[in-house]
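Examination of the molecular architecture
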Number of protein chains: 4
Amino acid sequence: MAFFDGLSAEHLKQFIERIERLEEEKKTIAEDIKEVFAEAKGTGFDAATMRTIIKLRKKDQADLEEEEYLLDTYKRAMGMLPEISGEDEKVA
Amino acid sequence: MAFFDGLSAEHLKQFIERIERLEEEKKTIAEDIKEVFAEAKGTGFDAATMRTIIKLRKKDQADLEEEEYLLDTYKRAMGMLPEISGEDEKVA
Amino acid sequence: MAFFDGLSAEHLKQFIERIERLEEEKKTIAEDIKEVFAEAKGTGFDAATMRTIIKLRKKDQADLEEEEYLLDTYKRAMGMLPEISGEDEKVA
Amino acid sequence: MAFFDGLSAEHLKQFIERIERLEEEKKTIAEDIKEVFAEAKGTGFDAATMRTIIKLRKKDQADLEEEEYLLDTYKRAMGMLPEISGEDEKVA
DNA sequence: TGGCGTATCTTCTTCC
DNA sequence: GGAAGAAGATACGCCA
């Protein structure tokens, strides 16, 4: 890109301002979310657990099982779980 | 803690779903922003430079406040403003 | 605080420099940690799972069970787990 | 993925423990920093202002690079430097 | 003086 | 792989 004529400069300005408006909206929503958490907390709910629930609901079941399986594998390697006996593939 | 009666369970569910809706909105806006960048790029503008511009315009505002804050800090350090709490004379 | 005599100014400078040195050390160690993760990844291990393991090992068993229990409570409230039958205390 | 043979399990364990040791060191240094702030506070200095000073001293270096980067960005926008990729004439 | 809310700082993830 | 943004952890200051 080299330099802009007046028309392009105006065009650029419009893009920039649209983005700034959208970012403003995004920020507002982020604040709304915080408020809901605060309200839930005031009602006696635990925010951290709520976040965990929301995260879980986002993930699909297959991924969830895969993750859990992987974690168990590592736990077993670290001696945090009893060994299993049935031979399987070895990796790494 | 034990478990929730039906009313509380319902209440929790409503909080969770409100947050999920808000996060959905936030995500939509984030995508809108990306689209504007894409459109601007299609028109021949450079996204990285636009980001720089936006950052600068944000800074300009933030810096006004920052400057003012810093000025006060140093004024206080120079004894040109009253201390936050008690103590007024040379210390340390 | 008001203003500093030469001695105090020198004293302040020493505090600042001690902190800057310590922060430098901290940064170095943070980089070392990143390197170990990178090396582990190169050997075929998954960094995310490793982080989970490390986090789990940090928490004591009692807290872990409490957290899991709380999470189950919320899951049940959200219908993500089958209900249990034995009556207990109700909260919230 | 399946599970690890003894050798790999041992390898994983070593990575984990190296990281845990490093994190322990990092934590120690963080505590040292807090102590220095506490000591400074005990001597009559204000921690918040000290943090501001440290941030400024960091910025001074970062800003040199930032300024240079920004200058290039604008030079490029003004056609005073070759573009990163192709296109050289007035566009948009 | 201990809990609560805020604010900063760091960490983690995503996008380029 | 490096930067930008979101998320999470931590630390400070206030109020009761």
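Scroll up a little and you will see the structure.
The paragraphs below set out a description of the structure included in this document.

1. Description of the interface of chain B and chain D
Contacts between the two partners involve 13 residues from chain B and, on the opposite side, 13 residues from chain D. Across the chain B/chain D interface, buried area totals approximately 1,100 Å², and carbon plus sulfur atoms make up 65% of it. Between the two partners, chain B and chain D, sit zero salt bridges. Where chain B meets chain D, there are zero residue pairs in polar contact (both at pLDDT 80 or more).

2. A few points about the interface of chain B and chain A
Each partner contributes residues to the interface: chain B has 31 residues there, and chain A has 30 residues. Together, the buried faces of chain B and chain A total about 3,000 Å²; carbon and sulfur atoms form 78% of this surface. Across the contact surface, chain B and chain A share six salt bridges. One salt bridge connects Arg18 of chain A with Glu39 of chain B, and the closest N-O pair in it is separated by 3.4 Å. Linking chain B with chain A are six residue pairs in polar contact (both at pLDDT 80 or more), by the criterion used here.

3. Examining the protein's contact with DNA strand F
Surrounding DNA strand F, one finds Lys26, Arg51 and Lys55 of chain A, Lys26 and Lys55 of chain B together with Lys34 and Arg51 of chain D. The sugar-phosphate portion of DNA strand F accounts for 100% of its atoms within 4 Å of the protein, the bases making up the rest. In the environment of DNA strand F, a phosphate oxygen lies 3.3 Å from a nitrogen or oxygen atom belonging to the side chain of Arg51 of chain A. For the surface near DNA strand F, the class distribution of residues is no nonpolar, no polar and seven charged.

4. Quick look at a positive patch on the surface
Side chains of Lys55 and Lys59 of chain B together with Lys55 and Lys59 of chain D sit close together on the surface and give a patch of like positive charge. Mapped onto the fold, Lys55 of chain B is located in helix 2 (residues 47-77).

5. Examining the pattern of salt bridges
One pass over the structure, following the stated rule, counts 14 salt bridges over all chains. Here Glu23 of chain A and Lys58 of chain B are joined by a salt bridge, their closest N and O atoms 3.3 Å apart. Placement of Glu23 of chain A in helix 1 (residues 6-42) and of Lys58 of chain B in helix 2 is noted, with the two residues assigned to different chains. Overall, the relative accessible area of 25% leaves Glu23 of chain A in the partly exposed class. Between Arg57 of chain C and Glu20 of chain D there is a salt bridge, with the nearest N and O atoms lying 2.8 Å from each other. A residue pair is termed interchain when its members come from two chains, as with Arg57 of chain C in helix 2 (residues 47-58) and Glu20 of chain D in helix 1 (residues 6-42).

6. Details of the protein's contact with DNA strand E
Taken together, the neighbourhood of DNA strand E is formed by Lys41 of chain A, Lys34 of chain B, Lys26 and Arg51 of chain C together with Lys26 and Lys55 of chain D. Close to the protein, within 4 Å, the atoms of DNA strand E are drawn from sugar and phosphate at a rate of 100%. Lys26 of chain D has a polar side-chain atom sitting 2.6 Å from a phosphate oxygen of DNA strand E. By residue class, the composition of the surface near DNA strand E is no nonpolar, no polar and six charged.

7. Brief notes about the relation of the copies chain B and chain D
Screw-axis analysis of chain B against chain D gives a translation of 0.2 Å along the axis, an RMSD of 0.4 Å, and a rotation angle of 179°. This pairing of chains is accounted for by a two-fold axis. A share of 100% of interface residues in chain B that are also interface residues in chain D marks the association as one of identical surfaces.

8. With respect to a negative patch on the surface
Side chains of Asp60, Asp63, Glu65, Glu67, Glu68 and Asp72 of chain B sit close together on the surface and give a patch of like negative charge. Residue position: Asp60 of chain B is located in helix 2.

9. Looking at helix 3 (residues 61-77) of chain C
Between its first and last C-alpha atoms helix 3 of chain C spans 25 Å; for 17 residues at 1.5 Å apiece the expected length is 24 Å, and the two agree. Among the residues of helix 3 of chain C, Leu64, Leu70, Leu71, Thr73, Tyr74, Arg76 and Ala77 of chain C are the ones counted as buried. Those residues of helix 3 of chain C hidden inside the fold are in contact with helix 2 (47-58) of chain A, strand 1 (3-4) and helix 1 (6-42) of chain B together with helix 2 of chain C. Where helix 3 of chain C begins, one side-chain oxygen reaches toward the backbone nitrogen of Ala62 of chain C, 2.8 Å away; that side chain belongs to Asp60 of chain C. Note on helix 3 of chain C: the residue one or two positions beyond its end, Gly79 of chain C, has a positive phi of about 75°.

10. Focus on the environment of His11 of chain D
Residue placement: His11 of chain D occurs in helix 1. A relative accessible area of 33% means that His11 of chain D is categorised as partly exposed. Separated by 48 residues in sequence, His11 of chain D and Lys59 of chain D place their C-alpha atoms 41 Å apart. Those residues in contact with His11 of chain D, other than ones at most four positions away along the chain, are Thr43 and Phe45 of chain C.

So, how was this worked out
Residues numbered from 1 in each chain as written. Chains lettered and ligands numbered in written order. Predicted model: local features only at pLDDT ≥ 70, side-chain atom pairs only at ≥ 80, totals over all residues. Heavy atoms only, no water. Contact = heavy atoms within 4.5 Å. Buried area = accessible area lost by both parts, 1.4 Å probe. Salt bridge = Lys/Arg side-chain N within 4 Å of Asp/Glu carboxyl O. Polar contact = N/O pair within 3.5 Å; in protein donor to acceptor, adjacent residues only side chain to side chain. Near = heavy atom within 4 Å. Nonpolar A, V, L, I, M, F, W, Y, C, P; charged D, E, K, R; others polar. Patch = residues over 30% accessible without salt bridge, like charges linked within 9 Å, V, L, I, M, F, W, Y side chains within 5 Å. Areas by Shrake-Rupley, 256 points an atom, 1.4 Å probe, with all protein chains shown as cover. Lys, Arg positive; Asp, Glu negative; His and termini not counted. Charge placed at Lys NZ, Arg CZ, Asp CG, Glu CD. Helix = DSSP H or I, 4+ residues; strand = E, 2+ residues; numbered from the N terminus. Buried < 20%, exposed > 50% of the residue type's maximum accessible area, 1.4 Å probe, protein only. Least-squares fit on C-alpha atoms with pLDDT ≥ 70 in both. Expected span 1.5 Å × (residues − 1).

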